[in-house]
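# Commentary on secondary and tertiary structure
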Amino acid sequence: MMNVIFVNCIEFSRDYRDLPLGIMSLASVCNLEEDINAAIVDFGSLYSSGKLTMFSDLDDNIEEMSDYLLAIDPDIVSFYGLCSSYHLNVMLSKRLKIKNPNIVILFGGPHASLTAVETLRAFPWIDYIGVDEGEQTIVPLLRGALKRSVTSLYGVAFRDEVNSYKVIKNPAPICNVDDLPMIDYSLEGIQLSSSVPIDVGRGCPFGCIYCSTKTFWKQRFRLKSIERIISEINILIRRSGVTNFAFVHDLFTVNRRTIFDFCKQLIERDIKITWSCSARLDTLSDELLDAMYNAGCRRIYLGIESGSQRMQKIINKNLNLDLIESLITYIQKYNIEFTCSFIYGFPEESVKDLESTLSVIKMIWEAGVQTVQLHKATFLPGTEMYKKHYDKLKYNNLCTDFTEQSYINEEAIGYITQNKEIFPQFYTTQSVATQFPYLDIFVLYFYPTISSYMPNTNAILSELLGDGILPLYSSFQNVVPDLFEKIVSVGGAFIEKTYRTGQIFNIIGAYLERFLRPNRAASYEIALFEMDAVRFLRSNDVSLTKDYSFDVLALVAAGGACLDADIHEISVLFSKSDKETVIVKYNNTESKK
């Protein structure tokens, strides 16, 4: 019996995790064979659950992970690699090979496929790389790898037997997604949550110059048949009782007629589920959203990327930004949670382009969109943007969504700086992202807190700094650079935990104290009052009493006017009527905030 371990991409930065559908599909295929026993190891889940101990030294974590894998006694270890953690796969696989030279090391996934030749040349301890989609090739690849004989196989990159520097890459055939076996969600190492992902198809037909997945999938759009998707839904309902699903596809709504038919079938068959998907703004319409909502759609992810029509053309996204008005209508009309994603830092992007993007972000945020994301542009292998600007790329330790900056040591830096063609995600050019390096984190965490929970403070800051996100960001950078950069420069793990533990509010509080208190005492008291209300709302306390040097309730009611008349100390009692409403009182009166 051949023992195979599929290692999920190593991410330490999140306590919540998406199921690794790619390697789950491969493991499910393998376990249909009598001579293969495949299991999944997800170190991110092992660490977040406390089953493994997170050390401050990355080398100690590599040692712990290697010992964990060796204890399972595998014949082959296959690493699934996203660009964010590819350096961790390289380090861990090297440690495994040192401890047990007989283990076959296999890499796979989009990043490994797109850098297969370069990876095999740079890292001799990696034996083979599975390229392209692997369901049709994984079984013969594993059998051939164990025998060290893969030259006649498809879907593999390997070193030439005569010249080890020569790498041969045999592409895999394109799968018929309806022919793929059902994913086994009961695999060891897999834990279902309240929302279960379903692989409903692959590929995006559009040609955005920054996107590597369109290169990996060769821009071939495929969607499973309606019958196949509904069959998978019903099986999961029967087996697990779950009724909330995430339809995993880069662009689910390409074919409107198919989605209309799918929604119609869900309704006619009385399949009562809720679900989410990814879409493109110009594939949506009122009629389609009506159908999707009635069939259970409650969450949609939209990649808008830029609020500049000039940049839309340059990055080949080519969205008509006049459709933003339709998006605002959708946000306000439907009970659907929209997540809108943007990118900044493209080489050709100007500050004016960035301001256009931030203006759109502000507009849709004020319209009621639930989540807005802003990401740094990242250079990924195989993309047109990477190829065009390769010679200008310089190593940069700025944290992005595609780099685990919190988990890099000297060994990793050596690999990264010596192999730009493998690790371009750690490189950048001069752009608005280097000019405003932490704007992405500011938009995701700081701005929503102030604009949503502190409306009077937001109005005061807009009056002082000017309307817009960029003036507020620049003020933060100038006033609290010590606190701000310490938080946002260390990567996703600390940022998310910081937000949940309230440290983001502490930074906002420090900013307001330094910026407002010296010269705008009354304004500072209003801000302090709103900060206290937000902290209280997030706490488990049932009541709170706070003293203020000004009559903040009168100031808030007057919109900050008549400051001289309200200079007297008051005591305010905070209480809660529900999880989302704070009641504030003084002198036997009350006002909801």
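This report concerns the structure included in the present document. Everything numeric here is computed off the predicted structure, so don't read it as measured data. (Residues numbered from 1 in each chain as written. Predicted model: local features only at pLDDT ≥ 70, side-chain atom pairs only at ≥ 80, totals over all residues. Heavy atoms only, no water.)

## With respect to the sheet that holds strand 6 (residues 156–159)
- Strand order in the open sheet formed by seven strands is 2-1-3-4-5-6-7, and the pairing between neighbours is mixed. The two strands at the open ends of the sheet, each matched to only one other strand, are strand 2 (36–41) and strand 7 (167–170). Here the strands of the sheet are splayed against their neighbours by 20° on average, with no regard to which way each runs.
- Two strands pair when backbone bridges link them, and strand 1 (residues 2–7) and strand 3 (residues 76–80) are joined in this way by four bridges, in the parallel orientation. When the sheet's bridge partners are listed, Val-7 is paired in strand 3 with Phe-79.
- Against the sheet, helix 4 (residues 86–99) makes contact with strand 3 and strand 4 (104–108), and its axis sits at roughly 170° relative to strand 4, the strand it touches most. (Pairing = 2+ DSSP bridges. Helix = DSSP H or I, 4+ residues; strand = E, 2+ residues; numbered from the N terminus. Axes fitted to C-alpha atoms, helices over the stretch in contact; angles between N-to-C directions. Contact = heavy atoms within 4.5 Å.)

## With respect to unusual backbone geometry
- Even without glycine at this site, Asp-132 takes up a positive phi of about 65°.
- Mapping Asp-132 onto the fold places it in the loop between strand 5 (128–130) and helix 7 (138–146).
- A relative accessible area of 15% places Asp-132 in the buried class.
- Its identity as a non-glycine residue notwithstanding, Asp-270 has a phi of 55°, on the positive side. (Buried < 20%, exposed > 50% of the residue type's maximum accessible area, 1.4 Å probe, protein only.)

## Quick look at the pattern of salt bridges
- Going through the model one piece at a time under the given rule, you end up with 29 salt bridges.
- Across the pair Asp-286 and Lys-333 runs a salt bridge whose closest N-O atoms are separated by 3.6 Å. Linking Asp-286 in helix 11 (residues 286–294) with Lys-333 in helix 13 (residues 324–333), this pair joins segments that are 47 residues apart in sequence.
- What you see here is one network of salt bridges that share partners, running through Asp-59, Glu-63, Asp-67, Arg-95 and Lys-99. (Salt bridge = Lys/Arg side-chain N within 4 Å of Asp/Glu carboxyl O.)

## Some details on the packing of aromatic side chains
- Applying the stated rule across the entire model yields 30 aromatic pairs.
- Here the aromatic rings of Trp-125 and Tyr-415 are separated by 6.1 Å at their centres, their planes lie at 50°, and the arrangement is tilted. Here Tyr-415 lies in helix 16 (residues 410–418) and Trp-125 lies in the loop between helix 6 (116–122) and strand 5, a separation of 290 residues in the sequence.
- Judged by its relative accessible area of 13%, Trp-125 is buried.
- On the basis of an interplanar angle of 70° and a centroid distance of 5.9 Å, the ring pair of Tyr-395 and Tyr-427 is categorised as edge-to-face. In this pair, Tyr-395 sits in strand 16 (residues 394–395) while Tyr-427 sits in strand 17 (residues 427–428), placing the two residues 32 residues apart along the sequence.
- For Tyr-427, a relative accessible area of 7% translates into the label buried.
- Following the ring pairs from residue to residue traces out a cluster consisting of Phe-79, Tyr-86, Phe-107, Phe-123, Trp-125, Tyr-415, Phe-423 and Phe-426.
- When the ring centre of Tyr-390 is taken as origin, the NZ or CZ atom of Lys-420, which lies over that ring, is 4.2 Å away.
- Here the guanidinium or amino end of Lys-576 rests over the ring plane of Phe-536, the centre of that ring lying 4.7 Å away. (Phe/Tyr/Trp six-rings, centres within 6.5 Å; stacked < 30°, edge-to-face > 60°. Lys NZ or Arg CZ within 6 Å of the ring centre and 35° of its normal.)

## Comments concerning the sheet that holds strand 14 (residues 337–344)
- Pairing within the open sheet is parallel, and its six strands lie in the order 8-11-12-13-14-15. Looking at strand neighbours, the two that pair on one side only are strand 8 (196–199) and strand 15 (371–376), the edges of this open sheet. Taken over all neighbouring pairs, the strand axes of this sheet differ in orientation by 20° on average, direction set aside.
- Relative to strand 15, strand 14 runs parallel, the two being bridged by six bridges. In the sheet register, Cys-340 faces strand 15, and the bridge partner there is Val-372.

## Considerations on helix 18 (residues 439–453)
- For helix 18, which comprises 15 residues, the first-to-last C-alpha distance of 20 Å matches the rise-based estimate of 21 Å (1.5 Å per residue) to within 8%.
- By the largest-angle criterion, Phe-446 marks the main kink of helix 18, which is about 35°, and a proline, Pro-448, follows within four residues.
- Burial of helix 18 is extensive: twelve of the 15 residues sit out of reach of the surface.
- Turning to helix 18, its buried residues are Leu-439, Asp-440, Ile-441, Phe-442, Val-443, Tyr-445, Phe-446, Tyr-447, Pro-448, Thr-449, Ile-450 and Ser-451. (Expected span 1.5 Å × (residues − 1). Bend = angle between axes of the 7 residues up to and from the residue.)

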